[in-house]
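The lines below spell out each chain.
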Amino acid sequence: MAETGNGAAAQAPQVQLNIQNQFIRDLSFENILAQKGASGEVQPDVKVQVNLDARKRETEKQYEVSIKLNVESVDKNNPQTKIFLMEIDYVGLFHIDGVPDEQLHPFLLIECPRLLFPFLRRIVSDVSRDGGFPPLNLDNIDFMKLYRQEVARRSTPQNEGEDAETS
């Protein structure tokens, strides 16, 4: 720790993180199997795509972080047979103070989604169950790994200047 002129140790600013609100911005669930009138045994193969987005809000020190999931289930034995499709955009509004500017971007795309994920996971489970299937319990998502992959992807020469979301 650095010392101030009077000999006391200077303290780093305390990080404050408060979830102001969280909500479903958009949700779509399609039971494709039932719509086609298909019956019989299927072996589900579930694929999940994750996109993250964060932006500053007009209010000082407030940020919006969204997790967008695209969940598709197909039959393992016949990948052309879609079972269900779910798309959800889950948003958290955060008040953040004390995070240095150079650490804010990773903080928004790692720590904030980590706090939102348990709620999103429960919603996905409930919606899949209410849609006529066994509850889909998503595996934990490593948001640090996603962030690092996106940083590496953006740093490659052919992707410079692109502004794509994390996937």
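*Asks:* Before we go on, may I ask you to explain the overall build of the protein in this structure?
*Replies:* The number of helices and strands found in the protein is 3 helices and 4 strands. The order of helices and strands in the protein, counted from the N terminus, is β-α-β-β-β-α-α. Sorting the 167 residues of the protein into buried and exposed places 32% on the buried side.

*Asks:* Any chance you could explain the pattern of salt bridges here in plain terms?
*Replies:* Pairing between side chains becomes possible if they bear opposite charge and their charged atoms approach one another. Counted according to the given criterion, the structure contains 13 salt bridges. Residue Lys 82 pairs with Glu 72 through a salt bridge whose shortest N-O separation is 3.2 Å. Here the residue Lys 82 occupies a position in strand 4 (residues 78–97), and Glu 72 occupies one in strand 3 (residues 62–75), the gap between them amounting to 10 residues. According to the relative accessible area criterion, Glu 72 is partly exposed, its value standing at 23%. Through salt bridges with shared partners, a single ionic network connects Arg 25, Arg 55, Arg 57, Glu 64 and Asp 89.

*Asks:* How do you make sense of the nonpolar core when you look at a structure like this?
*Replies:* Nonpolar side chains tend toward joint burial in soluble globular proteins. Of all hydrophobic cores here, the largest spans 34 residues; its most connected members are Ile 67, Leu 69 and Ile 96. At the level of secondary structure, the elements contributing two or more residues to this core comprise strand 2 (44–56), strand 3, strand 4, helix 2 (101–130) and helix 3 (143–155). For this core, the element with the highest residue contribution is helix 2, accounting for 12 residues. Apart from residues lying up to four places away in sequence, Ile 96 is in contact with Gln 16, Leu 17, Lys 61, Tyr 63, Leu 104, Phe 107, Leu 108 and Cys 112.

*Asks:* Just checking my understanding: could you explain the packing of aromatic side chains for this structure?
*Replies:* Centre-to-centre distance and the angle between the planes together describe a pair of aromatic rings. Counting across every chain of the model gives 4 aromatic pairs. On the numbers, 5.1 Å between centres and 40° between planes, the contact of Phe 84 with Phe 133 is tilted. Of this pair, Phe 84 sits in strand 4 while Phe 133 sits in the loop between helix 2 and helix 3, and the two are 49 residues apart along the sequence. Classification of Phe 133 by relative accessible area gives buried; the value is 15%.

*Asks:* Mind showing me how you'd approach the environment of Leu 52 here?
*Replies:* On the secondary structure map, Leu 52 appears in strand 2. Residue classification places Leu 52 among the buried positions, given a relative accessible area of 3%. Linking Leu 52 and Leu 109, residues 57 residues apart in sequence, is a C-alpha distance of 6.8 Å.

*Asks:* For this particular structure, what's the right way to read helix 2?
*Replies:* In an α-helix, one full turn covers 3.6 residues, which means residues spaced three or four apart are oriented alike. In a regular helix each residue adds 1.5 Å, so 30 residues correspond to 44 Å; helix 2 covers 42 Å between its end C-alpha atoms and thus fits that length. Of all the bends in helix 2, the greatest, near 50°, is centred on Phe 107. Downstream of helix 2 by a residue or two, Gly 132 has a phi angle that is positive, lying close to 100°.

*Asks:* What is the right way to read the sheet that holds strand 3 from this model?
*Replies:* Backbone hydrogen bonds are what pair the strands of a sheet, in a parallel or an antiparallel way. Pairing is antiparallel across the open sheet formed by 4 strands, whose spatial order is 1-4-3-2. Sheet topology places strand 1 (16–31) and strand 2 at the edges, where each strand pairs with a single neighbour. Averaged over all adjacent pairs, the angle separating strand axes in this sheet is 15°, with direction ignored. Both strand 2 and strand 3 contribute to a ladder of 13 bridges, which runs antiparallel. By the bridge assignment for strand 3, Asp 45 is matched with Val 74. In the packing of helix 2 onto the sheet, the strands contacted are strand 1, strand 2, strand 3 and strand 4, and the crossing angle to strand 4 comes to about 130°.

*Asks:* Sorry if this is basic, but what is going on with helix 3 here?
*Replies:* Its 13 residues place the ends of helix 3 18 Å apart at the C-alpha level, agreeing with the 18 Å of an ideal helix rising 1.5 Å per residue. Listed as buried for helix 3 are Phe 143, Leu 146, Tyr 147 and Glu 150. An end-on view of helix 3 places all buried positions within 100° of arc, on one side of the element. Looking at the buried positions of helix 3, the neighbouring elements they touch are strand 2, strand 3 and helix 2. If you check the start of helix 3, you find a side-chain oxygen 3.2 Å away from the backbone N of Met 144, and it comes from Asp 142.

Analysis parameters
- Residues numbered from 1 in each chain as written.
- Predicted model: local features only at pLDDT ≥ 70, side-chain atom pairs only at ≥ 80, totals over all residues.
- Heavy atoms only, no water.
- Helix = DSSP H or I, 4+ residues; strand = E, 2+ residues; numbered from the N terminus.
- Buried < 20%, exposed > 50% of the residue type's maximum accessible area, 1.4 Å probe, protein only.
- Salt bridge = Lys/Arg side-chain N within 4 Å of Asp/Glu carboxyl O.
- Core = buried A, V, L, I, M, F, W, Y, C linked by side-chain atoms within 4.5 Å.
- Contact = heavy atoms within 4.5 Å.
- Phe/Tyr/Trp six-rings, centres within 6.5 Å; stacked < 30°, edge-to-face > 60°.
- Expected span 1.5 Å × (residues − 1).
- Bend = angle between axes of the 7 residues up to and from the residue.
- Pairing = 2+ DSSP bridges.
- Axes fitted to C-alpha atoms, helices over the stretch in contact; angles between N-to-C directions.
- Arc of directions from axis to C-beta.
- Polar contact = N/O pair within 3.5 Å; in protein donor to acceptor, adjacent residues only side chain to side chain.

None of this, on its own, says anything about what the molecule does.
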